[in-house]
Amino acid sequence: MPRILDVIECTDMGTKEMVHRIPERGQGDFRLGSQLIVREGQAAVFFRDGKALDTFGPGRHTISVANLPLLDRLVKGIFGGKTIFTAECYFVNTRDLIDQRWGTSEPIALRDEVLRMVRIRAHGTYNMTISDPQMFVAQMVGARGYYSTQDITDYLRSAIISRLTDLLGEQAKSILDLPALFNEISAMARVQLGDDFAALGLTLKRLYIMSISPTEETSKAMDEAASMGAIGDMNAYMKFKTARAVGDAAQAEGGAAAGTAQIGLGLGAGMAAAKVMAEGLTGQTQPAAGAGAAAASSDPVATLKTLKDMLDAGLVSQEEYDAKKAEILSRL
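Here's a quick rundown of the structure. Residues take numbers from 1 onward in each chain, read along the sequence in its written order. Given that this is a predicted model, residues contribute local features only at a pLDDT of at least 70 and side-chain atom pairs are listed and counted only at 80 or more, while totals for whole chains, interfaces and linings are drawn from all residues. Only hydrogens and water are set aside; all other atoms, that is, all heavy atoms of the structure, feed into the side-chain values.

### Some thoughts on the overall build of the protein
Note the following rule: For helices the rule is a DSSP run of H or I covering at least 4 residues; for strands it is a run of E covering at least 2, with both sets numbered from the N terminus onward. Accessible area is worked out with a 1.4 Å probe on protein chains only. A residue is then buried under 20% of its type maximum, exposed over 50%, and partly exposed in between. Should any heavy atoms of two residues lie within 4.5 Å, those residues are counted as being in contact. Accessible areas in this description were obtained via Shrake-Rupley with a 1.4 Å probe; residue shielding takes into account the shown protein chains only.
Of regular secondary structure, the protein possesses eleven helices and eleven strands. Among the 332 residues that make up the protein, the fraction classed as buried is 37%. Looking at the protein alone, contacts between residues at least 24 apart form 69% of all its contacts between residues at least 6 apart. Summed over all atoms, the accessible surface of the protein reaches about 18000 Å², with 52% contributed by carbon and sulfur.

### Quick look at the nonpolar core
Note that soluble globular proteins tend to have their nonpolar side chains buried in a common cluster. Note the following rule: Put simply, buried Ala, Val, Leu, Ile, Met, Phe, Trp, Tyr and Cys residues joined by side-chain atoms within 4.5 Å make one nonpolar core.
Counting 42 residues, the largest nonpolar core has Met18, Trp102, Tyr126, Met128, Phe136, Phe197 and Leu202 as its most contacted members. It is helix H3 (residues 149–171) that contributes the most residues to this core, seven residues altogether. Listed in part, the 17 residues of the second largest apolar core include Ile8, Met13, Leu36 and Leu68.

### Some points on the side chain of threonine 125
Of note, threonine 125 is situated in strand E10 (residues 116–130). Of the residues examined, threonine 125 reaches a relative accessible area of 9% and is grouped as buried. Setting aside residues no more than four positions away along its own chain, threonine 125 makes contact with Asp99, Gln100, Arg101, Trp102, Leu207, Tyr208 and Met210.

### Considerations on the pairing of strand E7 (residues 84–93)
The line we're drawing: One requirement defines pairing of two strands: DSSP has to find at least two bridges between them.
The element E7 is largely enclosed, with a buried count of nine among its ten residues. As judged from the four bridges shared by strand E2 (residues 19–22) and E7, these two strands associate in the antiparallel manner. Note that in E7 the partner of histidine 20 across the bridge is phenylalanine 91. Alignment of strand E3 (residues 28–38) against E7, held across four bridges, turns out to be antiparallel. Counterpart to aspartate 29 in the pairing with E7 is threonine 86.

### Quick word on helix H4 (residues 182–198)
Put simply, the rule is: In a helix, the anticipated span is given by 1.5 Å times the number of residues less one. We define the bend at any residue as the angle between the axes fitted to the seven residues before and including it, ending there, and the seven starting there.
Look at H4: 24 Å from first C-alpha to last across 17 residues, which is about the 24 Å you get at 1.5 Å a residue. Taking the largest bend as the criterion, H4 deviates by roughly 35 degrees, centred on glutamine 192. If you check which residues of H4 are buried, you get Phe182, Ile185, Ser186, Ala189, Leu193 and Phe197.

### Here we look at the environment of methionine 210
Inspection of the secondary structure assignment puts methionine 210 in strand E11 (residues 202–214). On the basis of relative accessibility, which here comes to 46%, the residue methionine 210 falls in the partly exposed class. Measuring from C-alpha to C-alpha, the distance between methionine 210 and histidine 123 comes to 6.0 Å, with 87 residues separating the pair along the chain. Other than its neighbours up to four places away in sequence, methionine 210 contacts Arg101, His123, Gly124, Thr125 and Phe182.

### Structural notes on the pattern of salt bridges
Definition in use: Salt-bridge detection follows one rule: a side-chain nitrogen of Lys or Arg within 4 Å of a carboxyl oxygen of Asp or Glu.
Throughout the structure, instances matching the rule amount to seven salt bridges. Two residues, glutamate 9 and arginine 39, come together in a salt bridge whose shortest N-O distance is 3.1 Å. Here glutamate 9, found in strand E1 (residues 4–9), pairs with arginine 39, found in the loop between E3 and strand E4 (42–48); they are 30 residues apart in sequence, far enough to count as distant. On the accessibility criterion, glutamate 9 (29% relative accessible area) is partly exposed. Residue glutamate 88 is joined to arginine 21 by a salt bridge in which the shortest nitrogen-to-oxygen separation is 3.6 Å. Of this pair, glutamate 88 sits in strand E7 while arginine 21 sits in strand E2, and the two are 67 residues apart along the sequence.

### Observations regarding unusual backbone geometry
Cis geometry marks the peptide bond from isoleucine 22 to proline 23; its omega dihedral reads -10 degrees. The backbone of aspartate 99 sits at a positive phi, close to 55 degrees, despite the residue not being glycine. Judged by relative accessible area, aspartate 99 falls into the partly exposed class, the value being 40%.

### Some points on the side chain of threonine 153
Checked against the element boundaries, threonine 153 lands in helix H3. Residue class for threonine 153 comes out buried when judged on its relative accessible area of 5%. Non-local contacts of threonine 153, meaning those with residues more than four positions away in its chain, are made with Gln100, Arg101 and Tyr126.

### Looking at the packing of aromatic side chains
Rules: Ring geometry is summarised as follows: Phe, Tyr and Trp rings, the Trp one being its six-membered ring, pair when their centres sit within 6.5 Å, and such pairs are stacked at plane angles under 30 degrees, edge-to-face over 60 and tilted between the two.
What the rule picks out here adds up to four aromatic pairs. When the centroid spacing of 5.8 Å and the interplanar angle of 85 degrees are considered together, the rings of phenylalanine 47 and tyrosine 90 count as edge-to-face. One end of the pair, phenylalanine 47, is in strand E4; the other, tyrosine 90, is in strand E7, and 43 residues separate them in sequence. Look at tyrosine 126 and phenylalanine 197: their rings are 6.1 Å apart centre to centre, the planes differ by 80 degrees, and that puts the pair in the edge-to-face class. Linking tyrosine 126 in strand E10 with phenylalanine 197 in helix H4, this pair joins segments that are 71 residues apart in sequence. Here the two residues tyrosine 126 and phenylalanine 197 agree in accessibility, since each one is buried. Members of the aromatic cluster, connected to one another through ring pairs, are Phe30, Phe46 and Phe56.

Don't take any of this as a statement about function, it's just geometry.
This is how it looks when you write it as structure tokens:
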């Protein structure tokens, strides 16, 4: 004997439950004349054979062929005029579903006018509501079997990331511009995603970008760009890089070598670093140690210029610069 449901209701739908099905499995046996109770924040959709029969809003309803006209044919044709019919009833949560989270599972690659190519991660939140329960049940439950907000947000994430990737590529010339564009990009993304959500019976009410952050590799590139900008000159930047490499190599050799490197870029090892930098940046070959005086007298201007560049880049102190300058000039 089938279990006939004379009162159909869903007493409690949590914030994470978008759809509650009665019965939970298979088809239910309902009677014409049964009472359907729909609470505020709910809608009830009767479903049979992959098709929605009707949708009921909040209130108490008596099931009849008047409010389920499609049942007239189903009851009489299949059950020989008996008042019992089989179907499924889906209670749909129509409250605003707030603080739904989205985020990139993999970094997004974008062109960048400053860094050429960057890889970023992004995440944020959005608010939505089920505006068309009948369409939602047909599209998301009947076709895909999704019931919870987690099921839906996993499905919607790909649409959100796709739209945002397009907008990020169009609106920002560099990742450095993005923080000032969060509100504009969010508003445009919400407009573009409107049709995607509507096709599922959903309305996207708000979309927020909480963070767009570079990957570790992009962060390193940004640090390099910041160093270059602080120095203000490519030649000085290359000198800075060379001097840092010399210092790192010296420290790797041990305490004594590290001490020598720290004294440094002054009178002794400092001029050795200057020679390396001058060779790398100007293509000039520096003379051997025994010909130091001849080199100074043959091209003192170039030597002084290299020394001045090191001072401007902060690689030698004013006292070291003055002492070495005086030494070079004394040889003239």
